[in-house]
Amino acid sequence: ERLHVVVFGNDDTPPPFDLPTTYLGRISGDAMLARLYATADAMVVPSIEEAFGKTAAEAMACGTPVVGFANTGLLDIVDHRVNGYLAETGSAPDLARGIVWTIQQAAEDPAIGERARAKILRDFDSRTVARRYERLYRDWIAEHAGAPVAAEAAQ
């Protein structure tokens with residue numbers, strides 16, 4: 001009864017359900033995007049192919065739990081039933097269950113949003129990611145020290 005869907009992006013195709021829906025179109029500006037994410041009870045990312053899930057990470061950074069499928073890049077971002085919900089791959093009924101669960105959790109336990117934000121700050125902060133790359137490069141160099149580089153070996 002109180003559900004209202006807000007859609008933003010380039011596609012304004014009506015959803016296949018009868019719910020009050022507002023289309024905002026393309027959002028330009030980080031401040032407006034952050035306000036939209038922060039005011040939502042849940043962000044639904046129904047992609048069946050998602051390499052990383054930048055929009056999901058953005059929403060979680062704003063304290064909004066995310067619902068999506070468990071076969072995409074969201075596996076690296078969302079912790080099932082901790083800071084969002086990962087539905088069975090391709091299952092619309094489970095995605096719907098996840099939306100309901102997440103909205104109920106947000107109402108009963110606002111800390112779900114805090115856990116979402118904490119996950120992004122802990123695991124995807126630019127300094128954290130840079131340290132991981134540095135460690136990866138250092139490990140690779142240590143493992144391959146003295147080994148010929150492929151281009152040199154071909155000469």
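First things first, this report covers the structure right here in the doc. None of these values were measured; they are calculated from a predicted model.

## Let's talk about the environment of Arg132
No. 1: Here Arg132 is to be found in helix H5 (residues 126-144).
No. 2: Separated by 2.9 Å, the side chain of Arg132 and the backbone oxygen of Asp123 make a polar contact.

## Details of the layout of surface pockets
No. 1: A volume near 1,400 Å³ is recorded for the largest pocket.
No. 2: The wall of the largest pocket is formed by 36 residues, among which His4, Val5, Val6, Ala42 and Val44 lie closest to the centre.
No. 3: Those elements that provide at least two residues to the lining of the largest pocket are strand S1 (5-8), helix H1 (30-39), strand S3 (43-45) and helix H3 (92-108).
No. 4: Broken down by element, the lining of the largest pocket gets its largest block of residues, seven residues, from H3.
No. 5: Its residues placed into classes, the lining of the largest pocket shows 24 nonpolar, seven polar and five charged.

## Focus: the nonpolar core
No. 1: Core analysis: the biggest nonpolar cluster contains 17 residues, and Met43, Val45, Met60, Val66, Leu74, Ile77 and Val78 have the highest contact counts within it.
No. 2: Contributing elements (two or more residues each) for this core: H1, S3, helix H2 (54-61) and helix H4 (111-124).
No. 3: In contact with Val45, other than residues within four places in its own chain, are Glu50, Thr55, Ala56, Val66, Val67, Gly68, Phe69 and Leu74.
No. 4: Listed in part, the eight residues of the second largest apolar core include Val67, Leu95, Trp101 and Ala106.

## Considering the packing of H4 against H5
No. 1: Packing of H4 against H5 brings their axes to within 5 Å, and their N-to-C directions diverge by 35 degrees. Contacts from Arg122, Asp123 and Phe124 in H4 reach Ser126, Thr128, Val129 and Arg132 in H5.

## Concerning H3
No. 1: Between its first and last C-alpha, H3 extends 24 Å over 17 residues, near the 24 Å set by a 1.5 Å rise per residue.
No. 2: Regarding H3, its N-cap is Ser91, as a side-chain oxygen of that residue lies 3.1 Å from the backbone nitrogen of Asp94 further along.

## What about the sheet that holds strand S5 (residues 84-87)?
No. 1: Read from one edge to the other, the open sheet built from three strands follows the order S3-S4-S5, with strand pairing classed as parallel. Bordering the open sheet on either side are S3 and S5, each of which pairs with just one other strand. Here the average twist between neighbouring strands, direction ignored, is 15 degrees.
No. 2: Two elements, strand S4 (residues 66-69) and S5, share four bridges in a ladder whose sense is parallel. Looking at the pairing, Val66 lines up with Gly84 of S5.
No. 3: Lying on the sheet, H3 is in contact with S3, S4 and S5; it crosses S5 at an angle near 170 degrees.

Thresholds, definitions, all that
- Residues numbered from 1 in each chain as written.
- Predicted model: local features only at pLDDT ≥ 70, side-chain atom pairs only at ≥ 80, totals over all residues.
- Heavy atoms only, no water.
- Helix = DSSP H or I, 4+ residues; strand = E, 2+ residues; numbered from the N terminus.
- Polar contact = N/O pair within 3.5 Å; in protein donor to acceptor, adjacent residues only side chain to side chain.
- 1 Å grid on protein atoms, 1.4 Å probe; cavity = no way out; pocket = protein on both sides within 12 Å on 5 of 7 lines; lining within 4 Å.
- Points joined across faces, edges and corners; volume = space filled by probe spheres on them.
- Nonpolar A, V, L, I, M, F, W, Y, C, P; charged D, E, K, R; others polar.
- Core = buried A, V, L, I, M, F, W, Y, C linked by side-chain atoms within 4.5 Å.
- Buried < 20%, exposed > 50% of the residue type's maximum accessible area, 1.4 Å probe, protein only.
- Contact = heavy atoms within 4.5 Å.
- Axes fitted to C-alpha atoms, helices over the stretch in contact; angles between N-to-C directions.
- Expected span 1.5 Å × (residues − 1).
- Pairing = 2+ DSSP bridges.

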